[in-house]
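# Fold and geometry: a report
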Amino acid sequence: YAAKRDKVPFTVYTHEDDVERRQQLRLAQDLPDAVINNQLLLNYQPIVRISDQQVIGVEALVRWMHPKQGLIFPDSFIPLAEGSGSIEALTEWVLEEGIRQGSRWLADGNRLSVSVNISALILHNPSFPDMVARKLENIGFPAELLKLEITESAIISDVSRATEIVNRLHEMGVCLSIDDFGTGYTSLAYLRKLPVDEIKIDKSFVMNMMHAADDEVIVRTLLDLAKSLGLSVVAEGVEDALIWRILEALDCDVAQGYFMSRPVDIDTFNAWLKVQPWKDELK
Ligand code: C2E
Ligand code: MG
Ligand code: MG
Ligand code: MG
């Protein structure tokens, strides 16, 4: 009987699955407090123009300092925030913090754009553009220095509503960037329909460019495509000087990656900005 039962396809739930699920549930329950109790923090990663090695912006990436579990990365809690209704408060916090920091840099004479990641769900909330407008106004940050990064899946789930919201943000002067470009499969149609300013080529294509001929072809094709559509291009996943040089040769506009800097806390970022040790490796 036991042998026969083994052949029946069914999912085996182990004790570990239960532990995992309970842990996720607990994390999701802790999330609303995380925003209120100041447990979220932003790390900043520079975005650099290739032609003159100028830092032109940062991407603000959220982390969660959990009181018991320590530092948690966004891939582990953004999906929970999306599933538990905390994503709105989280996004609002990230925007506020990012825009405030951007205005501090501006006051110091550093005109850096600030890129913030926006979940699909947010693009279905009609009051989102007003919230962004209020924050920009209150803090006094120019809309054209704010970039909202969305993934293709964000648009696909409800095209007409997302388009309306994205159009309003565009009218406000906010930049729209398509993140992880190349990993979705309906990208091209949206590039024509939406007021997109920039695409970010997914790091999976960029990271291994010098070893994988296929990846180089993909990057080159995406660069050509973006050029013909008049879009600016950020290559993510620039991990070393060699990749930088290849991108430079391919006439790519902008780079982001561990080669210049990992995402770091604000003090580390500001110290890095002054010294920029990465440039030595290109000499
Ligand atoms: P993303 O927007 O594509 O951000 C880039 C991710 O790639 C970051 O991971 C960054 O640390 C990593 N990265 C940057 N350069 C390199 C490189 O040269 N090599 C490699 N291997 N990786 C690199 P992180 O910070 O763990 O963020 C993961 C994802 O979480 C982000 O991917 C974004 O989709 C999401 N995320 C982060 N912050 C937020 C947020 O405030 N709201 C929402 N909705 N999502 C966020
Ligand atoms: Mg991003
Ligand atoms: Mg990305
Ligand atoms: Mg991603």
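Reading the values: the criteria
- Residues numbered from 1 in each chain as written.
- Chains lettered and ligands numbered in written order.
- Predicted model: local features only at pLDDT ≥ 70, side-chain atom pairs only at ≥ 80, totals over all residues.
- Heavy atoms only, no water.
- Helix = DSSP H or I, 4+ residues; strand = E, 2+ residues; numbered from the N terminus.
- Rg over C-alpha atoms; globule rule 2.2 N^0.38 Å.
- Buried < 20%, exposed > 50% of the residue type's maximum accessible area, 1.4 Å probe, protein only.
- Contact = heavy atoms within 4.5 Å.
- Lys, Arg positive; Asp, Glu negative; His and termini not counted.
- Charge placed at Lys NZ, Arg CZ, Asp CG, Glu CD.
- Near = heavy atom within 4 Å.
- Polar contact = N/O pair within 3.5 Å; in protein donor to acceptor, adjacent residues only side chain to side chain.
- Areas by Shrake-Rupley, 256 points an atom, 1.4 Å probe, with all protein chains shown as cover.
- 1 Å grid on protein atoms, 1.4 Å probe; cavity = no way out; pocket = protein on both sides within 12 Å on 5 of 7 lines; lining within 4 Å.
- Sits in = over half its atoms within 2 Å of the grid points.
- Core = buried A, V, L, I, M, F, W, Y, C linked by side-chain atoms within 4.5 Å.
- Points joined across faces, edges and corners; volume = space filled by probe spheres on them.
- Nonpolar A, V, L, I, M, F, W, Y, C, P; charged D, E, K, R; others polar.
- Disulfide = S-S within 2.5 Å.
- Donors = N, O, S within 2.8 Å, 3.2 Å for Na, K, Ca; no water.

The name an unreviewed UniProt entry gives the chain is Bifunctional diguanylate cyclase/phosphodiesterase, with Sneathiella sedimenti as the organism.

It is worth spelling out the overall build of the chain at this point. Secondary structure assignment for the chain yields 12 helices and 9 strands. Taking 2.2 N^0.38 as the reference for a compact globule, 283 residues should give roughly 19 Å; the C-alpha atoms of the chain span a radius of gyration of 21 Å, in line with that estimate. A principal-axis box enclosing the C-alpha atoms of the chain has dimensions of 70 × 50 × 40 Å. Burial analysis of the chain (283 residues in total) assigns 47% to the buried set. Within the chain, contacts between residues separated by at least 24 positions form 67% of all contacts whose residues are at least 6 apart in sequence. Here the chain carries 28 positive and 43 negative side-chain charges, and the mean point of each set is 3 Å from the other.

A separate point is the environment of Leu112. In this fold, Leu112 is placed in the loop between helix H4 (87-107) and strand E4 (113-117). Residues Leu112 and Val19, spaced 93 residues apart in sequence, show a C-alpha to C-alpha distance of 43 Å. Setting aside residues up to four positions removed in sequence, Leu112 forms contacts with Val55, Ile56, Gly57, Val58, Trp105, Phe141, Leu145, Phe269 and Leu273.

We now examine the site of ligand 1. Not every one of the 24 residues close to ligand 1 is listed here, only the nearest: Arg63, Asn117, Asp179, Glu239 and Tyr258. Contacts to ligand 1 include Asn117, whose side-chain N or O atom sits 2.8 Å from an oxygen atom. In the model, an oxygen atom of ligand 1 is placed 3.0 Å from a nitrogen or oxygen of the Lys203 side chain. Notes on ligand 1: free accessible area 800 Å², of which the protein chains cover 88%. Among the detected pockets, ligand 1 sits in the largest pocket. When residues of the shell around ligand 1 are traced back to their parent elements, those giving at least two are strand E2 (55-66), helix H3 (74-84) and strand E6 (175-181).

What follows is about the nonpolar core. With 85 residues, the main nonpolar core has Phe128, Val238, Trp244 and Leu247 as its most contacted residues. In terms of residue count, H4 provides more of this core than any other element does, 7 residues in total. When neighbours within four sequence positions are excluded, Trp244 is seen to be in contact with Val48, Arg49, Ile50, Gln53, Val238, Ala255, Phe259, Met260, Trp278 and Leu282.

Bringing empty space enclosed by the protein into the picture now. All chains considered together, the criterion is met by 1 cavity of 30 Å³ or more. By volume, the largest cavity amounts to about 30 Å³. Around the largest cavity sit Ile47, Ile56, Ser113, Ser115, Lys147 and Glu198, which together line it. Across the lining of the largest cavity, the residue classes tally to 2 nonpolar, 2 polar and 2 charged.

What follows deals with the state of the cysteines. Disulfides are covalent bonds that connect the sulfur atoms of two cysteines. For the structure shown, the criterion picks out 0 disulfides. In this structure Cys175 is not part of a disulfide, and its nearest cysteine sulfur, from Cys252, lies 17 Å away. Residue Cys252 is classed as buried on the basis of its relative accessible area, which comes to 4%.

Another aspect to go through is the coordination of the magnesium ion (ligand 2). Distances from the magnesium ion (ligand 2) to its protein donors, Glu59 (OE), Asn117 (OD1), Glu149 (OE) and Asp179 (OD), fall at 1.9 to 2.2 Å. Look at where the donors of the magnesium ion (ligand 2) fall in the sequence and you get E-x57-N-x31-E-x29-D. Between the two metals, the magnesium ion (ligand 2) and the magnesium ion (ligand 3), the spacing is 4.3 Å, and Asp179 donates to both. You can see Glu59 sitting in strand E2 and its partner Glu149 sitting in strand E5 (residues 146-151), a full 90 residues away along the chain.

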